[in-house]
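Summary of structural features
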Amino acid sequence: QVQLVESGGGLVQPGGSLRLSCVASGSIFSINAMGWYRQAPGKQRELVATIALGGITNYAGSVKGRFTISRDNAKNTVFLQMNKLKPADTAVYYCNALIMASAYTYWDDYWGQGTQVTVSP
């Protein structure tokens, strides 16, 4: 059983910073791409940032230059450093990872339970 557990969300004022973390645990043979998505009330889930196994990153245009995604492969962890936060960044942030649970399975998509980020004065 594979689990993704996020942490680091909370309430922050506009212009502030937060750092999200997501740890993958359980039966893991290999992790490919990891990423962060978010869903605001009444809106569809959208991509925030992804990072490939080799470190190549991809960002949504709305967060480029403000957010930084990184990963620690030894600890099966992905991070999202969020700076210059805006009220429009308010959402539940979800961790995602493409994981091979064993050498006898193929890649599967896993999601965390989500962590709330609220940007408000």
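Refer to the structure presented above.
Described below are features of the structure shown in this document. Since we're looking at a predicted model, the values are computed, not measured. (Residues numbered from 1 in each chain as written. Predicted model: local features only at pLDDT ≥ 70, side-chain atom pairs only at ≥ 80, totals over all residues. Heavy atoms only, no water.)

Summed over all chains, the structure comprises one disulfide. Between the sulfur atoms of C22 and its disulfide partner C95 the distance amounts to 2.1 Å. Taking the torsion about the sulfur-sulfur bond, which here is approximately -80°, the covalent link between C22 and C95 counts as left-handed. Note that C22 is positioned in strand β3 (residues 18–26) and C95 in strand β9 (residues 91–100), a separation of 73 residues in sequence. With a relative accessible area of 0%, C22 lands in the buried category. (Disulfide = S-S within 2.5 Å. Helix = DSSP H or I, 4+ residues; strand = E, 2+ residues; numbered from the N terminus. Buried < 20%, exposed > 50% of the residue type's maximum accessible area, 1.4 Å probe, protein only.)

Here we come to the environment of Q1. Looking at where Q1 falls in the secondary structure, it is placed in the segment before β1 (2–7). We classify Q1 as exposed; its relative accessible area is 80%. The spatial distance from the C-alpha of Q1 to the C-alpha of R38 is 24 Å, given a sequence separation of 37 residues. Those residues in contact with Q1 that lie beyond four places of it in its chain are S25, G26 and S27. (Contact = heavy atoms within 4.5 Å.)

In the structure shown here, the tally under the stated rule is three salt bridges. For E46, the salt bridge identified is with R38, shortest N-O distance 2.7 Å. The class of E46 is partly exposed, set by a relative accessible area of 36%. The residue D89 makes a salt bridge to R66 at a minimum N-O spacing of 2.8 Å. Taken as a pair, D89 in the loop between β8 (77–82) and β9 and R66 in the loop between β6 (57–59) and β7 (67–72) lie far apart in primary sequence, 23 residues in all. Each member of the pair, D89 as well as R66, is classed as buried. A cluster of three or more residues bridged by salt bridges with shared partners is formed by R38, E46, R66 and D89. (Salt bridge = Lys/Arg side-chain N within 4 Å of Asp/Glu carboxyl O.)

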